[in-house]
Amino acid sequence: MAELAPQILIRPAERETDADHYRILLAAAAGCHLLVDERMDVPPSLGALLLPNRLAAWQRALKHAVSELSATLAQGQAARAAALALPSTEAAPPPWAVADPAASALQSAAE
């Protein structure tokens, strides 16, 4: 993907639902350079550029990220390494991820 375009995640936070960090972690794990609203709680190790809620600041940051492609890609690689190094918060897979033999029997009966 690096050959196609710089990998940049732009993540403003206008609504309460924007506080979801899942997209940020996925983007970091994919190697994206992160431009994130400063009001979001992002692990410092991801190297996200935290921006104020001002359009001009976002425009400058995006223009800089695009004009400095090699630095943007290097920051994306660092974000990926940091995201993959984050400790897991789960000791075991969540219940919905574990195959349930009873559910398999129900599915077979329904077929």
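Structure's up top.
What counts as what
- Residues numbered from 1 in each chain as written.
- Predicted model: local features only at pLDDT ≥ 70, side-chain atom pairs only at ≥ 80, totals over all residues.
- Heavy atoms only, no water.
- Pairing = 2+ DSSP bridges.
- Helix = DSSP H or I, 4+ residues; strand = E, 2+ residues; numbered from the N terminus.
- Axes fitted to C-alpha atoms, helices over the stretch in contact; angles between N-to-C directions.
- Contact = heavy atoms within 4.5 Å.

A. Representation of the sheet that holds strand β3 (residues 49-51). Taken together, three strands build an open sheet; the order of strands is β1-β2-β3 and the sheet is parallel. If you trace the sheet from one side to the other, it starts and ends with β1 (8-11) and β3, each paired once. Direction aside, neighbouring strands of the sheet carry axes that sit 15° apart on average. Sheet analysis places β1 next to strand β2 (residues 33-37), joined by four bridges and oriented parallel. Paired with isoleucine 10 across the two strands is leucine 35, which belongs to β2.

B. Examining the environment of glutamate 14 more closely. Relative to the elements of secondary structure, glutamate 14 occurs in the loop between β1 and α1 (22-30). Those residues within four positions of glutamate 14 in sequence are excluded, and the remaining contacts are Arg39 and Asn53.

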